[in-house]
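This is what each chain is made of:
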Amino acid sequence: MIEQPEPLHGVLARRDSIVAGLRRLLPESGVIAEPLRLKPYETDGLSAYRQTPMAVVLPETTEQVAAIMAFCSSGGVRVVPRGAGTSLSGGALPMEDAVVLGLMRMNRILDIDYADRCAVVQAGVTNIGITQAVSARQFFYAPDPSSQLACMIGGNVNMNSGGAHCLRYGVTANNLLGLKIVTVDGQIVDIGGAHLDAAGLDWLGLLTGSEGQLAIVTEVTVRILRSPEGARAMLAAFKSNEIAGACVDSIISSGIIPVALEFMDRPAIHACEAFAHAGYPLDAEAMLIIEVEGSVAEQDDLLGRISAICARHDPISLKVAESAEQSAAIWKGRKGAFGAVGRISPDYLCMDGTIPTSQLPAVLRRIGEMSASYGLQVANIFHAGDGNLHPLIMFDANDPSSFHKAEAFGADILKLCVEVGGCLTGEHGVGVEKRDLMGVQFTEIELDQQRRLKSAFDPGWLLNANKVFPLTAALRAA
Amino acid sequence: MIPTDEAGIVAAIQHAAGPLAIQGHGSKLAMLRPVQAAATLSTAGLTGVTLYSPNELVISARAGTTIAELRTVVAKNGQHLIAEPPELGALLGSDQPGTIGGAVATNLSGPRRVAWGAMRDHVMGLRAVNGRGEILRAGGRVLKNVTGLDVCKLLSGSHGTLAVITEVTLKVLPAPERRATLVLKGQHPAEAVAALSAALGSPYAVSGAAWLPGNLAALVPSLGGLGGNVTLARLEDFAPSVAYRSERLRAELAEFGAVEMLDDAASAALWTDIGNVSPLVHAPGAIWKISVRPSQGAGIVDAMQAIGATCMLDWGGGLVWVSGPATAAAHHAVEAATSAAGGVWTVMRAPDPWRSAVAVIPPGPPAMAAIGARVKAAFDPRGILNPGRMVAGA
């Protein structure tokens, strides 16, 4: 279990006056302090961890956010920003002594400019909401995390979210132009704008992925892109992870960068097939879903080249979609992977490390060995183009020892990712979940540098405390 | 000082008695403010590729490795540097080559930036030495990494004011098999930006979008004396795709005028010249770079013409290169026009006393000035790394 430090009792003792102060800043419905109504906010996508916050505030304007921050910082009250609460790393986990600042009521699209290919949206607009707002004109917002129906752009900015198409379109950081932020002491600041690149220091780049440690994001200016003429997928199944890995290498070295290149291992194939009946080959050890874009002729050309490459790697089967419907069928299993694993196991942990892609076969072998020694099943889904690995570790939450084993297994996988040249998290963030592993990837000098950077924005360490940085040293630097 | 390894950089910083001017070969010393420092610390002695894994799309090189060398290394595997970092030495009055450390420290990108991201977007990892003489690793060697605060992004474009970059790891991609350029002739800037906006808003993955006035177009050999203003849109991909997309795009742009085509070789030369701002190399006076939302680009050109300056446009109108008199009045005109358009300017070339006296970049919001000072102190508490490079007294 990841340690949750003692709350600040001095702050807890002032709870009533803090809530009263917040009520003076917001309309009646904007402050929640009744225990029963706080329930829905006590956890996020990492549901094994729960804490009831002191209060939840739901501002509707940037000015209200500024007033809340000025009030909280003057009183030394910690603040936990929250979008849709879909974080898989506990990024939005509340604390007993903290106010949760929910951005979900700031859900308006403020401006769409097709000529300049950008849109200004409030932090509580969902990821898919941006694409839906511009799809009639055949535009889209590129980053597409799995939680895109629910997750909000403010959270995407804070976690620098990715998705299945980042190999072609980049992650959140590569698709932003500007932010409106509120500093810890309640100042409203515009960062960037509708133009490309900063002239001074790249605050936009630093704030993206800062996990709520530096400021509150209230508005985001995103780039929107014209949709390709079309997209189509193919499926290739192989006799071993090694062969599938070699096939990925051959595709990349041929000069083709598919827009998506997804790898599933045998347990993942079986789980997804049982759930979605997508026609996945059950005799395969590994499977690739490969998607290309362009006109029908361009798709034919690229899928033809890729099929020829796959054919040289002794495939068990190759299936090229002939239509959008067949493409959707190929994706159906992969997109339902989390639900599928949920059906075979009462609970699972979704891990998120990145490895150099050449290490995949060796890493899967080691994960297999760990799976045997922990006695827990694991299914692996992998963004094969960019090296982002998602092992799904299955356990039983009703059995505390099973959960502890799953956490230890997960930590071992992440340490392995760092050992082979990768990192602890590719797109889910550090949050609470990987906080205590930061020392595996960074030296104390490097962590201290990051802590001083945090202190430059948030001298009192009031923003999303007890996350990202290991606890003891965080206190020292503060 | 030109140390030949990272330990030498550490020692130079630890033993520095006062401010250090940080540079590679110094190809871009003419930009921003001159640094007042008794000593110069160069990364030009840190050379060589340290890792290249083409199938993983990553390359690492020590900071002093030239862009030209890196380009050659990846080209042998049919790959390219995604952001197309320009060689600005000639424009900035230097005969020195650009280094990869310099390209990242200045976050300067070429024409492809409009479609494929900036230099900083492809920095997967860095090694650097901060002003305390400590070695920092940021990021790593994998394409997706959100572990901890993004120090890579902060150091990219920090112009050596926070830490000295000693090694860079970049994402690379396969180079296109074929290039082509569509050319519209005789357009005024506003018409050009409208056409480029249509091109960039098409599904054909336009990867370059520029406009040159006739007098500058005449200086570009690959344009073969087309004559008059030219509006340029580039396509890069596999040959069949480029053939197909050129025809479709030509049809979509027909409402803006007749479209001519440039072939692969001419396109390669043309976009190198646009990235390197070659048409303005021999222009006297000062050079500014202005970044605005694309639809504001034409208005900037008009405002600059009123003060006798010449402009060219890249990034679909979002990047304006301005060549004008090195006078305070001209600079104030740049500031006024850029501020009104909600953009940012950078002084790229100007006489020393002059660029010490003006705001070479916009001042930015007051709240960020205070945070910026604390960030500077967090990396360089003694204030010895390139002091005053971006802002006087910081």
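Model, not experiment: these values are computed from the prediction.

Trainee: Just checking my understanding: could you explain the overall build of chain A for this structure?
Mentor: Secondary structure summary: chain A contains 18 helices and 19 strands in total. Its C-alpha radius of gyration of 23 Å places chain A within 12% of the 23 Å reference for a compact globule of 478 residues. Taken along its principal axes, the extent of the C-alpha atoms in chain A is 70 × 55 × 45 Å. Taken across its 478 residues, chain A has 64% of its residues classed as buried. Taking all contacts inside chain A whose residues are at least 6 apart in sequence as the whole, residues at least 24 apart take part in 71%. Surface exposure of chain A reaches about 16,100 Å², of which carbon and sulfur atoms provide 54%. Here chain A holds 38 positive side-chain charges and 53 negative ones, and the gap between their average locations is 3 Å.

Trainee: Would you mind showing me how to read the pattern of salt bridges here?
Mentor: Should the charged atoms of two oppositely charged side chains come close, the side chains can pair. Across all of its chains, the model carries 46 salt bridges over all chains by this definition. A salt bridge links A:Arg105 to A:Glu60, with the shortest nitrogen-to-oxygen separation between them at 3.8 Å. Here the residue A:Arg105 occupies a position in the loop between strand 4 (98-102) and strand 5 (109-113), and A:Glu60 occupies one in the loop between strand 2 (55-57) and helix 4 (62-74), the gap between them amounting to 45 residues. Since its relative accessible area comes to 30%, A:Arg105 is described here as partly exposed. On the basis of relative accessibility, which here comes to 39%, the residue A:Glu60 falls in the partly exposed class. Between B:Glu236 and B:Arg234 there is a salt bridge whose closest N-O contact spans 3.7 Å. Residue B:Glu236 is classed as buried on the basis of its relative accessible area of 13%. Through salt bridges with shared partners, a single ionic network connects A:Asp197, A:Asp202, B:Arg113, B:Arg120 and B:Asp121.

Trainee: Just to check I follow, could you spell out the packing of helix 10 (residues 297-305) of chain B against helix 11 (residues 328-340) of chain B for this structure?
Mentor: Packed helices, taken two at a time, are described by the angle their axes make and the gap between the axes. Residues and elements named next belong to chain B. Axis separation between helix 10 and helix 11 bottoms out at 10 Å; the angle between their running directions is 155 degrees. It follows from the interaxial angle that helix 10 and helix 11 lie roughly antiparallel. For the pair helix 10 and helix 11, the crossing hand works out as right-handed. Between helix 10, through Ile300, Ala303 and Met304, and helix 11, the contact on the second element is made entirely by Ala333, Val334, Ala337 and Thr338. Of the residues assigned to the contact of helix 10 with helix 11, the class counts are 6 nonpolar, 1 polar and no charged.

Trainee: Would you mind going over helix 10 (residues 266-276) of chain A with me for this structure?
Mentor: Each turn of an α-helix holds 3.6 residues, which means side chains three or four residues apart point in the same direction. Residues and elements named next belong to chain A. Those residues of helix 10 lying buried are Ala268, Ile269, Ala271, Cys272, Glu273 and Ala276. On its buried side, helix 10 packs onto strand 13 (260-265), strand 14 (286-293), helix 12 (324-335), helix 13 (337-344) and strand 18 (378-383). One or two residues past the end of helix 10 sits His277, with phi positive at roughly 45 degrees.

Trainee: What is the right way to read the domain arrangement of chain A from this model?
Mentor: Reports of interface size often rely on the accessible area that becomes lost once the parts have come together. All names here are of chain A. Along its sequence, chain A is carved into domain 1 (9-102), domain 2 (112-226), domain 3 (231-337), domain 4 (345-419) and domain 5 (442-477). Computed over C-alpha atoms, the centres of domain 3 and domain 4 are 22 Å apart. On the domain 4 side, the residues contacting the 12 residues of domain 3 number 13 residues. Between domain 3 and domain 4, the buried area comes to about 1,100 Å², and carbon and sulfur atoms account for 61% of it. For domain 3, the biggest contributors to the area lost against domain 4 are Glu242, Phe263 and Asp265; these three give 36% of the whole. If you look at where domain 3 meets domain 4, you find 1 salt bridge.

Trainee: Could you clarify how one ought to interpret the sheet that holds strand 3 (residues 78-82) of chain A in this entry?
Mentor: For sheets, the rule is that strands pair by backbone hydrogen bonds, running either parallel or antiparallel. Residues and elements named next belong to chain A. Taken in spatial order, the 4 strands of this open sheet run 1-2-4-3, and their pairing is mixed. Among the strands making up the open sheet, the edge pair consists of strand 1 (31-32) and strand 3. Relative to strand 4, strand 2 runs parallel, the two being bridged by 3 bridges. The residue bridging Ala55 from the neighbouring strand is Val99, located in strand 4. Packing against the sheet, helix 4 makes contact with strand 2, strand 3 and strand 4, and its axis sits at approximately 170 degrees to strand 4.

Rules used in this analysis
Residues numbered from 1 in each chain as written. Chains lettered and ligands numbered in written order. Predicted model: local features only at pLDDT ≥ 70, side-chain atom pairs only at ≥ 80, totals over all residues. Heavy atoms only, no water. Helix = DSSP H or I, 4+ residues; strand = E, 2+ residues; numbered from the N terminus. Rg over C-alpha atoms; globule rule 2.2 N^0.38 Å. Buried < 20%, exposed > 50% of the residue type's maximum accessible area, 1.4 Å probe, protein only. Contact = heavy atoms within 4.5 Å. Areas by Shrake-Rupley, 256 points an atom, 1.4 Å probe, with all protein chains shown as cover. Lys, Arg positive; Asp, Glu negative; His and termini not counted. Charge placed at Lys NZ, Arg CZ, Asp CG, Glu CD. Salt bridge = Lys/Arg side-chain N within 4 Å of Asp/Glu carboxyl O. Axes fitted to C-alpha atoms, helices over the stretch in contact; angles between N-to-C directions. Parallel < 35°, antiparallel > 145°, perpendicular 65-115°, else oblique. Left-handed = near helix turned anticlockwise from the far one by under 90°. Nonpolar A, V, L, I, M, F, W, Y, C, P; charged D, E, K, R; others polar. Domains from an automatic or database assignment. Buried area = accessible area lost by both parts, 1.4 Å probe. Pairing = 2+ DSSP bridges.

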